[in-house]
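Chain by chain, the residues run as shown.
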Amino acid sequence: MKRIFSLLLLASLALSPTPAMAQTQNARFVQGGIWPDTDGHHINAHGGGLLEYGGRFYWFGEEKASHTSSALTGVSVYVSDNLRDWQKLPTALAVDTVDETSPIARGCTLERPKVVFCERTGKFVMWFHLELKGQGYGAALAGVAQADRPEGPYRFVRAERVNAGILPFGMSDADIDAMFALNAADYPDWWTPKWRDAVGKGLFCRRDLKGGQMARDQQIYVDDDGTAYHIYSSEENLTLQIAELTPDYLSHTGKYIRVAPGHQNEAPCIFRHGGYYWLVCSGCTGWAPNAARLYRARSIWGPWEGNLCNPCCEGTAERPADKTFLAQGTQIFPLRNAAGDTTFVFMADEWHPKNHADGRYLWLPIRFDDEGIPEIPFTPDFLGHRSQVTGHNCWRLLRSAQPNCDL
Ligand code: DGJ
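J.: If you had to explain the side chain of Thr-324 to someone new, which residues and values would you point to?
T.: Position of Thr-324 among the secondary structure elements: in the loop between strand E16 (312–313) and strand E17 (328–336). Within the local environment of Thr-324, its side chain forms a polar contact with the backbone oxygen of Asn-290, the two atoms lying 2.6 Å apart. Dropping the residues within four chain positions of it, Thr-324 is found in contact with Asn-290, Ala-291, Ala-292, Cys-312 and Phe-346.

J.: I'd like to hear about the side chain of Gln-241, residue by residue, with values.
T.: Inspection of the secondary structure assignment puts Gln-241 in strand E11 (residues 239–245). For Gln-241, a relative accessible area of 0% gives the class buried. Within the structure, Gln-241 has its side chain in polar contact with the side chain of Ser-234 (distance 3.5 Å). Here Glu-235 takes part through its side chain, which lies 2.8 Å from a polar atom of the side chain of Gln-241.

J.: Please give an account of the packing of aromatic side chains that cites residues and values.
T.: According to the stated counting rule, one finds 28 aromatic pairs in the structure shown. A centroid spacing of 6.4 Å and a plane angle of 40° characterise the contact between Phe-128 and Phe-156, whose relative ring orientation is tilted. In this pair, Phe-128 is assigned in strand E6 (residues 123–131) and Phe-156 in strand E8 (residues 155–160), connecting sequence segments 28 residues apart. An aromatic cluster is built from Trp-35, Trp-59, Tyr-78, Trp-86, Tyr-361 and Trp-363, whose rings are joined through pairwise contacts. Just above the ring of Tyr-276 sits the side chain of Arg-296; from NZ or CZ to the centre is 4.3 Å.

J.: An account of helix H4 (residues 193–201) is needed here, citing residue identities and associated values.
T.: Residues Trp-195, Ala-198 and Val-199 constitute the buried set of H4. Viewed end-on, H4 has its buried residues packed into an arc of 105°, placing them on one side of the element. Exposed residues on H4 whose side chains face more than 90 degrees from its buried face are Pro-193 and Lys-194. Where the residues of H4 are buried, they touch helix H5 (203–207), E11 and strand E12 (252–259). Looking one or two residues beyond H4, the residue adopting positive phi is Gly-202, at roughly 110°.

J.: Lay out the pairing of strand E4 (residues 87–94) in plain terms, naming residues and giving numbers.
T.: Strand direction decides the pairing type here: strand E3 (residues 74–80) and E4, joined by five bridges, are antiparallel. Across the sheet, residue Val-75 finds its bridge partner in E4, namely Leu-93. Where E3 folds back on E4, the antiparallel hairpin that results is connected by six residues, among which Leu-83 adopts a positive phi of roughly 70°.

J.: Give a detailed account of the pattern of salt bridges, specifying residues and quantitative values.
T.: Any two side chains of opposite charge can pair, so long as their charged atoms come close to each other. Tallied over the entire structure, the rule returns 23 salt bridges. In this structure, the salt-bridge partner of Glu-235 is Arg-258, at a minimum N-O distance of 2.8 Å. Of this pair, Glu-235 sits in the loop between strand E10 (228–234) and E11 while Arg-258 sits in strand E12, and the two are 23 residues apart along the sequence. For the residue pair Glu-235 and Arg-258, the accessibility class agrees, reading buried in each case. Taken together, the salt bridges that share partners define one network made up of Arg-161, Arg-207, Asp-208 and Glu-236.

J.: Which residues make up the site of the ligand, and what values go with them?
T.: Lining the immediate surroundings of the ligand are Glu-111, Arg-112, Tyr-137, Asp-217, Glu-266, Gly-286, Trp-287 and Gln-328. Measuring from an oxygen atom of the ligand, one finds a side-chain N or O atom of Asp-217 at 2.4 Å. Protein contact buries 89% of the 290 Å² of open area that the ligand shows by itself. Taken together, the residues that form the shell around the ligand break down as two nonpolar, two polar and four charged.

What counts, and where the lines are drawn
- Residues numbered from 1 in each chain as written.
- Predicted model: local features only at pLDDT ≥ 70, side-chain atom pairs only at ≥ 80, totals over all residues.
- Heavy atoms only, no water.
- Helix = DSSP H or I, 4+ residues; strand = E, 2+ residues; numbered from the N terminus.
- Polar contact = N/O pair within 3.5 Å; in protein donor to acceptor, adjacent residues only side chain to side chain.
- Contact = heavy atoms within 4.5 Å.
- Buried < 20%, exposed > 50% of the residue type's maximum accessible area, 1.4 Å probe, protein only.
- Phe/Tyr/Trp six-rings, centres within 6.5 Å; stacked < 30°, edge-to-face > 60°.
- Lys NZ or Arg CZ within 6 Å of the ring centre and 35° of its normal.
- Arc of directions from axis to C-beta.
- Pairing = 2+ DSSP bridges.
- Salt bridge = Lys/Arg side-chain N within 4 Å of Asp/Glu carboxyl O.
- Near = heavy atom within 4 Å.
- Areas by Shrake-Rupley, 256 points an atom, 1.4 Å probe, with all protein chains shown as cover.
- Nonpolar A, V, L, I, M, F, W, Y, C, P; charged D, E, K, R; others polar.

Everything listed is a geometric property; what it means functionally is a separate question.
Structural data, given as C-alpha cells:
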C-alpha cells in the first residue's frame with residue numbers, strides 16, 4: 001500500500017495541472033462515492049478498463065445516460081497521470097447517429113469496452129460486447145475498433161459471433177462425438193440434471209458452431225509474449241470461453257477453450273501472478289450484485305481449477321463480501337511502481353439501474369495470502385489515502401465456510 005502511495009505521490013508531483021485540473025486536484029477518492037472528473041462531473045465510464053500508455057492512464061468505459069443503459073453516445077475516455085484526477089476527452093468510439101442500420105447505431109447496447117496497445121501494428125485496439133439496437137441481448141456479438149492514438153478516435157471495424165465453424169481446442173474424439181450427438185431442441189427444459197450434463201458437454205457450443213459462439217461480458221488480456229486473448233461469457237452466459245487473437249489483435253485465430261461449463265460466469269477479470277493465471281468472475285444476476293468466484297490455471301489453455309470460492313473478504317454491513325461489496329468486477333489492473341513491483345487492482349462497478357449514469361466505482365487492491373491465493377479485502381481508502389487493510393488469510397476462513405467450493 002505504501003508503494004502505491006509513493007507511486008501516486010510521485011505521479012502527482014510530476015503532474016503539471018491544466019487549469020481545469022487545478023480546481024479538483026484534491027478530489028478525494030471514496031469507494032462507491034461520487035468521483036468527480038476535472039470538470040466536476042461524476043465520471044461516466046462504466047464497465048470499463050484502464051490502458052497505461054506513454055506514462056499516462058486512459059480510462060475507457062460505457063458512457064451511460066440516466067434513463068437507459070443503451071449507448072446514446074458511445075465509449076467515453078478519461079486521462080490521468082495519478083489515477084485519481086481524471087480529465088474527460090472527446091468520445092473515444094462514437095455510436096453512429098446517422099445510419100440506423102449500423103451495428104453501432106445510437107441506441108445499441110455497447111458494454112465493457114477494453115483497449116490494448118498492439119506493439120506489432122502500433123495501433124490501439126478496442127474490443128467490446130455489442131447488442132444490436134432493439135434486439136435486447138440476443139445478438140451477443142464481439143465488436144472491435146481501432147485507433148492511431150490511445151484516446152482515439154476509434155474506427156469501428158466489425159462485430160460478429162466468435163470462431164464460426166470451429167471446435168474448441170484440445171477436444172478428444174470422444175468429446176467431439178458426445179458434442180455432435182447433442183441437439184438443443186431435445187432439451188427444452190433448462191436446469192434439469194440431463195440439461196446440465198448436456199451443457200457441460202457443449203450443448204450450446206454445438207448449437208452455435210455454424211454461426212459462431214456468443215460473446216457477452218468480456219475482457220482482453222495481453223500476455224507477456226504479446227499474445228492477446230479474448231475472454232467472454234458465451235453459450236447463453238453459462239460457460240466462459242478464452243479465445244486467442246491474431247497478432248494484430250483484430251480477429252480470432254480459431255484457437256479457443258471452454259472454461260467452467262455451466263457455472264454461469266459473467267464479468268471475467270484476469271491476471272497472472274505466482275505461476276498462475278487467475279480469473280475473478282461474478283455470477284449472473286443482471287444488475288444486482290452477487291458473490292464473486294475465483295479460478296486458476298497454470299496455462300491459459302487450462303486445465304482451469306475452480307470455482308475456488310469468493311475471494312472477497314473483510315466486507316462491512318454496508319459493503320458485504322458475499323455480494324462483492326455491492327459491485328461487479330470489470331478489470332484487474334496491474335499497477336507497477338518505479339521499482340517494478342506490481343499491485344493488482346480489482347476494479348468494479350456498483351450499478352445503479354434506476355439511474356445508470358450515477359453508477360459508482362470500487363477500486364480494491366488485491367492481497368495474497370501465504371499460500372499465494374488472491375484475496376480482495378474491502379479497503380475503504382485507496383489512491384493516496386490511508387489503507388485500513390488489516391486481516392490476513394481471510395480467503396482460507398471463507399473457504400472453510402463455503403464447503404461447496406473446489407479447494
Ligand atoms: C450483467 C453484466 O455484467 C453487465 O455488463 C450487463 O450486461 C448487465 N448484466 C445487464 O443486465
